[in-house]
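Understanding the architecture of this molecule
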Amino acid sequence: MHEDDHDCSPSCGAALAFAADGGPPETPHVATLLDGLPDNWDRWGDDDERGTLNLLGSAEAAAGMRAALAGGDDAIERFTLGLPLTGEAIPEGSTATGDPAFPGRDVSRRDNTSDERAYREGERDPSAGMKFSDDRFSTPFYLQGTTHMDALGHAWYGDYLYNGFDADATAATKRFDTPVEGFDGKVAETRGHANASIAPLADAGVAGRGVLLDVARHRDDGDDTRLPMGAEITLDDLQTTADAQGVTVAERDILLVRTGSMGHTRDPEAAWNPTDEPGLAFSEELVEWVHDRDIAALGADNVAIERVTQRIDGETYVLPLHGAFLRNLGLPLVEMLWLDDLAAACTEDGIYEFLLTAAPLHIQRATGGPTNPVVLKATDGD
Ligand code: UVW
């Protein structure tokens, strides 16, 4: 199953260029690194495109609901985990605040197309006094440019995506009968995923027991609540954090890992660097632990869950856990989560489990979808 060719998307190419720091990095093949590690190919049939979301059924939703109800009907707090889309860019090396964008992806800006000004100028004829505000993005809107879920086919190596779908499926052309006006003229055809797109994950949705591991708060580097740029999170960090919090990561849970990185993008005192964020570090033990527990979805408050470039046995790899998780396990990744408010509440009452529901925008053939997860968390009633 593990093939030998090297593939790289424009954004991971940007990471490679960044990692090069003046010279080309070594790029050993990730297939060798991941050889022998677990996969879920064929587990749910050879046409499956939902991956580990297949693990979330009635019992898992009930486990989440039990967690939400543990403090009684009057002790449930609600959190949403999507970042705001401000349109503010964060220049490299600055402490400006704004929307975190991975190299190769710009921030997105939107504009009104029908507003009060247009009505005043008589450009519209609203019916019987009713008026409406409409808008659209006036710069490209990267579907993975804000809090989002990655499609299982977003990252791969060799010639195959999750479950053995041909990598050519990531760029299948679709022609439309009616061209529409685009940024660069009429758009009559687009390329996109014929398989392993975000659509099956949007169909499935997520509902289950979520667990937050607030690694940033339980490790003693950083500024107490945020890990520093460059920090690597290991399996041992996850286990130590779970022990310190007194929470168990159970089978089929939805696991959220907090690094504190998104807090940097909202803090005028803190610099933020997309390719040097704190994140998970690849290890065989980590991949096996995630697989053994059948983690159903994995989220974090950074752009890529894991460290973007990683030195492993003296070699440089780019996003190797994307290969292990998305391609091999079919494990959806939810990135750029806003976890600070949820984490503050968990710290306050010591309750780190909750009901988590989420679904990405259902965009046919897309590589990812903006997502605003909702958490219902029991409090201790105080
Ligand atoms: C990259 O591909 C870098 O990130 P993501 O998984 O967020 O889309």
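Residues numbered from 1 in each chain as written. Predicted model: local features only at pLDDT ≥ 70, side-chain atom pairs only at ≥ 80, totals over all residues. Heavy atoms only, no water.

Overview of the site of the ligand
- Around the ligand lies a shell of 11 residues, among which Asp 150, His 154, Val 303, His 322 and Glu 335 are the nearest.
- A distance of 2.7 Å separates an oxygen atom of the ligand from a polar atom in the side chain of His 322.
- Here the ligand has 260 Å² of accessible area as a free molecule, and 99% of this is covered by the chains. (Near = heavy atom within 4 Å. Polar contact = N/O pair within 3.5 Å; in protein donor to acceptor, adjacent residues only side chain to side chain. Areas by Shrake-Rupley, 256 points an atom, 1.4 Å probe, with all protein chains shown as cover.)

Observations regarding the sheet that holds strand S7 (residues 206-213)
- Overall, mixed pairing links the nine strands, which are arranged S1-S17-S15-S7-S9-S11-S14-S4-S16 in an open sheet. Here the strands that pair on one side only, and so sit at the sheet edges, are strand S1 (76-80) and strand S16 (368-370). On average, each strand axis in the sheet is tilted by 25 degrees relative to the strand beside it, whichever way the strands run.
- The pairing of S7 with strand S15 (residues 353-358) spans six bridges and is classified as antiparallel. Residue pairing across strands places Ala 207 opposite Thr 357, the latter belonging to S15.
- In the packing of helix H11 (residues 340-349) onto the sheet, contacts are made with S1, S7, strand S9 (254-257), S15 and strand S17 (374-378), and the angle to S17 comes to roughly 10 degrees. (Pairing = 2+ DSSP bridges. Helix = DSSP H or I, 4+ residues; strand = E, 2+ residues; numbered from the N terminus. Axes fitted to C-alpha atoms, helices over the stretch in contact; angles between N-to-C directions. Contact = heavy atoms within 4.5 Å.)

A short note on the environment of Glu 284
- The topology assignment puts Glu 284 in helix H9 (residues 284-292).
- The class of Glu 284 is partly exposed, set by a relative accessible area of 40%.
- Taking the C-alpha atoms as reference points, Glu 284 and Leu 33, 251 residues apart in sequence, are found 9.0 Å from one another. (Buried < 20%, exposed > 50% of the residue type's maximum accessible area, 1.4 Å probe, protein only.)

Topic: the nonpolar core
- Counting 75 residues, the largest nonpolar core has Leu 256, Phe 325 and Leu 342 as the members making the most contacts within it.
- For this core, the leading source of residues is helix H10 (residues 320-329), giving five residues.
- Those residues in contact with Leu 256 that lie beyond four places of it in its chain are Leu 81, Val 211, Leu 212, Leu 213, Gly 299, Leu 337, Leu 339, Leu 342, Phe 354 and Leu 356.
- In terms of nonpolar packing, the next biggest core, distinct from the first, is built from 11 residues, Ile 90, Val 303, Ala 304 and Trp 338 among them. (Core = buried A, V, L, I, M, F, W, Y, C linked by side-chain atoms within 4.5 Å.)

Considerations on the packing of H9 against H10
- For the pair H9 and H10, interaxial distance at closest approach is 11 Å and the crossing angle is 30 degrees. Of the possible angle classes, the one that applies to H9 and H10 is roughly parallel. Crossing of H9 over H10 shows right-handed handedness. On H10, the residues that touch Leu 286, Val 287, Val 290 and His 291 of H9 are Leu 321, Ala 324, Phe 325 and Leu 329.
- Of the residues contributing to the contact of H9 with H10, the split by class is seven nonpolar, one polar and no charged. (Parallel < 35°, antiparallel > 145°, perpendicular 65-115°, else oblique. Left-handed = near helix turned anticlockwise from the far one by under 90°. Nonpolar A, V, L, I, M, F, W, Y, C, P; charged D, E, K, R; others polar.)

Some details on the confidence of the model for the protein chain
- Mean pLDDT for the protein chain: 92, with 93% of residues reaching 70 or above.
- Across residues 1-8, where pLDDT falls below 50, the model places 29 contacts with residues more than four positions away in sequence or in other chains. (pLDDT = per-residue confidence, 0-100.)

Describing the packing of aromatic side chains
- Taken as a whole and assessed by the stated rule, the structure comprises one aromatic pair.
- With centroids separated by 4.3 Å and ring planes inclined at 15 degrees, the aromatic side chains of Phe 137 and Phe 141 adopt a geometry described as stacked.
- A relative accessible area of 26% means that Phe 141 is categorised as partly exposed.
- One residue, Lys 174, lies across the ring of Phe 176, its end atom 5.1 Å from the ring centre.
- Over the face of the ring belonging to Tyr 157 we find Arg 327, whose NZ or CZ atom lies 3.7 Å from the ring centre. (Phe/Tyr/Trp six-rings, centres within 6.5 Å; stacked < 30°, edge-to-face > 60°. Lys NZ or Arg CZ within 6 Å of the ring centre and 35° of its normal.)

Focus on the pattern of salt bridges
- A full pass over the atoms with the stated rule returns 18 salt bridges.
- For Asp 135, the salt bridge identified is with Arg 110, shortest N-O distance 2.7 Å. One end of the pair, Asp 135, is in strand S3 (residues 134-137); the other, Arg 110, is in strand S2 (residues 110-114), with 25 residues separating them in the sequence.
- Judged by its relative accessible area of 45%, Asp 135 is partly exposed.
- Accessibility expressed as a relative area gives 40% for Arg 110, which makes it partly exposed.
- For Asp 349, the salt bridge goes to Lys 377, with nearest N and O atoms at 2.7 Å. On the criterion of sequence distance, the pair formed by Asp 349 in helix H11 and Lys 377 in strand S17 is long-range, its members being 28 residues apart. Accessibility assignment for this pair places Asp 349 and Lys 377 in one class, buried.
- What you see here is one network of salt bridges that share partners, running through Asp 214, Arg 217, Arg 258 and Asp 340. (Salt bridge = Lys/Arg side-chain N within 4 Å of Asp/Glu carboxyl O.)

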